[in-house]
Amino acid sequence: MTRTPARRLAEVAKKVGVSEATVSRVLNGKPGVSDSTRETVLTALDVLGYERPSKLRGQRARLIGLVLPELQNPIFPALAEAIGGALAQRGFTPVLCTRTAGGLSEADYVDMLLEQHASGVVFAGGHFAELAAPHDHYRLLRRRGVPVVLINAAVDDLNLDFPCVATDDVSAATQAFTHLSALGHDRIGLVLGPDDHMPSRRKLAGFTEAAQRAGVSVAPVEHALFSLEGGQAATTRMLRQGVTGIICASDVLALGAIRAVRRAALTVPGDVSVVGYDDSALLNSTDPPLTTVRQPIEPMSMSAVALLVNQMETVTAHPEELLFEPELVVRGSTGPAPLREA
């Protein structure tokens, strides 16, 4: 069906709850419309997929791109909910952009958001955290002066000058290791994401330092894709080295680790203790309930939105990294190290 000018007026008016005459005045730049109504009409135009009139295209919409790598890992829907709620409270409309295999890339979404005159972009767990990934679309946003906030540790030498909000990965790995060590484990392994993933590298640094300080006899490290299957494969390899404690860089990896332990005819936590990371939804209902390191999603999301709005209101953006302290949540997947046979 062709989207005629009359249909456009009707759809936008219905979306906003104003008359078609009011929409017409906004689109033609006529007076007699409040600033708040004018902004609401322009945002509705963007949301419905209509192009703004050429004379209005220089004005940014109150749309914020929220770019996520996936939605299968429960931590990302949790972030989307928290950030989306914080944006809505400030009068912005979040636009969810999720990468999928064979679908749109981060760069594709950036092009789309620029075409829609988005006011800013929040990236959570994006290519900025991967050394071998493409980064040109971040530089494009920087050149265009679009406010951007990153959630997660970024590659050190990108020089993007974007503010960043992250959980302290070194502290997370240290807390998990200290917990297992206190339970008597001295053969502790670490399952991470890909080796070019910056949060994984930071966790590795914390784990290595803690292992050296404790003088553990076995401390293997495995890299895997962030998936249940990746966690299972990495843990299967690690069990051959006799570990009794496993720290995972995500809760999804930890669930894969538990599956691998059981398929090896062992028990959790009787034979092997498992620690996750994120504290995703419903993980207190798994069997056994998962011990994990909790990311403070709500305060991180509020801070990310505040940093984004600060960029919109001031010319200078401070490329600072706000590090949030994680919290160890002890449940049923960790227990005392098994007794060694004499």
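Okay, so let's go over this structure. All residue numbers refer to position in the chain's written sequence, counted from 1. The predicted origin of the model limits local features to residues at a pLDDT of at least 70 and limits the giving and counting of side-chain atom pairs to 80 or more, whereas totals for whole chains, interfaces and linings rest on all residues. Hydrogens are left out, water is left out, and the side-chain values use all remaining heavy atoms of the structure.

Turning next to the sheet that holds strand 8 (residues 245-248). Two strands pair under a simple rule: DSSP has to find at least two bridges between them. A run of H or I in DSSP becomes a helix once it reaches four residues, and a run of E becomes a strand once it reaches two; helices and strands are each numbered from the N terminus. Within the open sheet, the 6 strands sit side by side as 7-6-8-9-10-12. Their pairing is mixed. Bordering the open sheet on either side are strand 7 (221-223) and strand 12 (327-329), each of which pairs with just one other strand. Neighbour-to-neighbour, the strand axes of the sheet open up by a mean angle of 20°, direction not taken into account. Examined bridge by bridge, strand 10 (residues 291-294) and strand 12 share 3 bridges and lie antiparallel to one another. Looking across to strand 12, one finds that R294 is bridged to E327. To define axes, lines are fitted to C-alpha atoms, for helices over the stretch in contact only, and angles between the resulting N-to-C directions are given on a 0 to 180 degree scale.

A few words on the environment of V47. Mapping V47 onto the fold places it in helix 3 (residues 35-47). Assessed through its relative accessible area of 40%, V47 is described here as partly exposed. Sequence separation between V47 and E313 is 266 residues; the distance between their C-alpha atoms is 23 Å. By the convention used here, residues are in contact when the closest approach between their heavy atoms is within 4.5 Å. For V47, the contacting residues outside a window of four places in its chain are K15, L63 and T93. Summary of the burial criterion: residues with accessible area below 20% of their type's maximum are buried, those above 50% are exposed, and those between are partly exposed, where the area comes from a 1.4 Å probe applied to protein chains only.

Turning to empty space enclosed by the protein, a few remarks are in order. Whether a set of points on the 1 Å grid over the protein atoms alone is a cavity depends on a 1.4 Å probe fitting there but being unable to get out, while an open set qualifies as a pocket with protein on both sides within 12 Å along at least five of seven lines; lining residues are those with an atom within 4 Å of a point. Grid points are joined across faces, edges and corners, and a volume is the space filled by probe spheres set on the points. Counted under the stated rule, the structure contains 1 cavity of 30 Å³ or more. Every residue along the wall of the largest cavity is listed here: A172, A173, A176, L190, K203, I247, C248, A249, G276, Y277 and V293. With 3 residues, the single largest contributor to the lining of the largest cavity is helix 7 (residues 169-182). Of the residues that constitute the lining of the largest cavity, the class distribution is 9 nonpolar, 1 polar and 1 charged. Classification used: nonpolar for Ala, Val, Leu, Ile, Met, Phe, Trp, Tyr, Cys and Pro, charged for Asp, Glu, Lys and Arg, polar for all others including Gly.

This part covers the packing of helix 9 (residues 228-239) against helix 10 (residues 251-263). Relative orientation of the contacting elements helix 9 and helix 10 amounts to 50°, with a least axis distance of 7 Å. By the angle between their axes, helix 9 is oblique relative to helix 10. In this structure, the crossing between helix 9 and helix 10 has a hand that is right-handed. Contacts from L228, G230, G231, Q232, T235, T236 and L239 in helix 9 reach V252, L253, L255, G256, A257, R259, A260, V261 and R263 in helix 10. In terms of residue class, the contact of helix 9 with helix 10 is built from 8 nonpolar, 6 polar and 2 charged. By definition in this entry, angles of less than 35 degrees are roughly parallel, angles greater than 145 are roughly antiparallel, angles of 65 to 115 are roughly perpendicular, and the rest are oblique. Working rule for handedness: look at the near helix, and if it is turned counterclockwise from the far one by less than a right angle, call the crossing left-handed; if clockwise, right-handed.

With that out of the way, let us pick up the nonpolar core. Residue types Ala, Val, Leu, Ile, Met, Phe, Trp, Tyr and Cys, when buried and joined through side-chain atoms within 4.5 Å, form a set referred to as a nonpolar core. Counting residues in hydrophobic clusters, the biggest one holds 35 residues, and the most contacted among them are F177, V191, F207, I246, I247, C248 and V274. When residues of this core are traced back to their parent elements, those giving at least two are helix 7, strand 6 (188-192), helix 8 (198-214), helix 9, strand 8, helix 10 and strand 9 (273-278). Counting residues in each nonpolar core, the second largest holds 27 residues, with F128, A129, L158 and M198 among its members.

Turning to helix 8, a few remarks are in order. Between its first and last C-alpha atoms helix 8 spans 24 Å; for 17 residues at 1.5 Å apiece the expected length is 24 Å, and the two agree. All of the buried residues in helix 8 are M198, P199, S200, K203, G206, F207, A210 and A211. Each element contacted by the buried residues of helix 8 is listed here: helix 7, strand 6, strand 7, strand 8 and strand 9. Backbone geometry just after helix 8 places G215 at a positive phi near 65°. How far a helix is expected to stretch is found by multiplying one less than its residue total by 1.5 Å.

Let us now look at the environment of I151. Looking at where I151 falls in the secondary structure, it is placed in strand 4 (residues 148-151). For I151, a relative accessible area of 4% puts it in the buried group. Sequence-wise, I151 and E209 are 58 residues apart; in three dimensions their C-alpha atoms are separated by 25 Å.

Once that is clear, we can look at the packing of aromatic side chains. Classification of ring pairs uses Phe, Tyr and Trp, with its six-membered ring standing for Trp, and accepts pairs whose centres are within 6.5 Å; under 30 degrees between planes counts as stacked, over 60 as edge-to-face, and the remaining range as tilted. Using the criterion set out here, one finds 3 aromatic pairs in the structure. Both rings, one in F123 and one in Y138, keep their centres 4.9 Å apart while their planes meet at 70°; by these two values the pair is edge-to-face. Here Y138 lies in helix 6 (residues 136-144) and F123 lies in strand 3 (residues 120-124), a separation of 15 residues in the sequence. Here F123 and Y138 have matching classes, each one buried. Geometrically, the ring pair formed by F177 and F207 is edge-to-face, given 5.6 Å between the ring centres and 80° between the ring planes. Separated by 30 residues along the polypeptide, F177 in helix 7 and F207 in helix 8 bring together distant segments of the chain. Considered together, F177 and F207 belong to a single accessibility category, that of buried residues.

Attention now goes to the sheet that holds strand 4. Strands sit in the order 2-1-3-4-5-11 across an open sheet of 6 strands; the sheet is parallel. The outermost strands of the open sheet, each flanked by one partner alone, are strand 2 (93-98) and strand 11 (321-324). The mean inter-strand angle of the sheet, taken between neighbouring strand axes irrespective of direction, is 15°. With respect to the sheet, helix 11 (residues 297-313) is in contact with strand 1 (63-68), strand 3, strand 4, strand 5 (164-167) and strand 11, its orientation differing from that of strand 4 by roughly 160°.

Function cannot be read off these values alone, since they describe shape.
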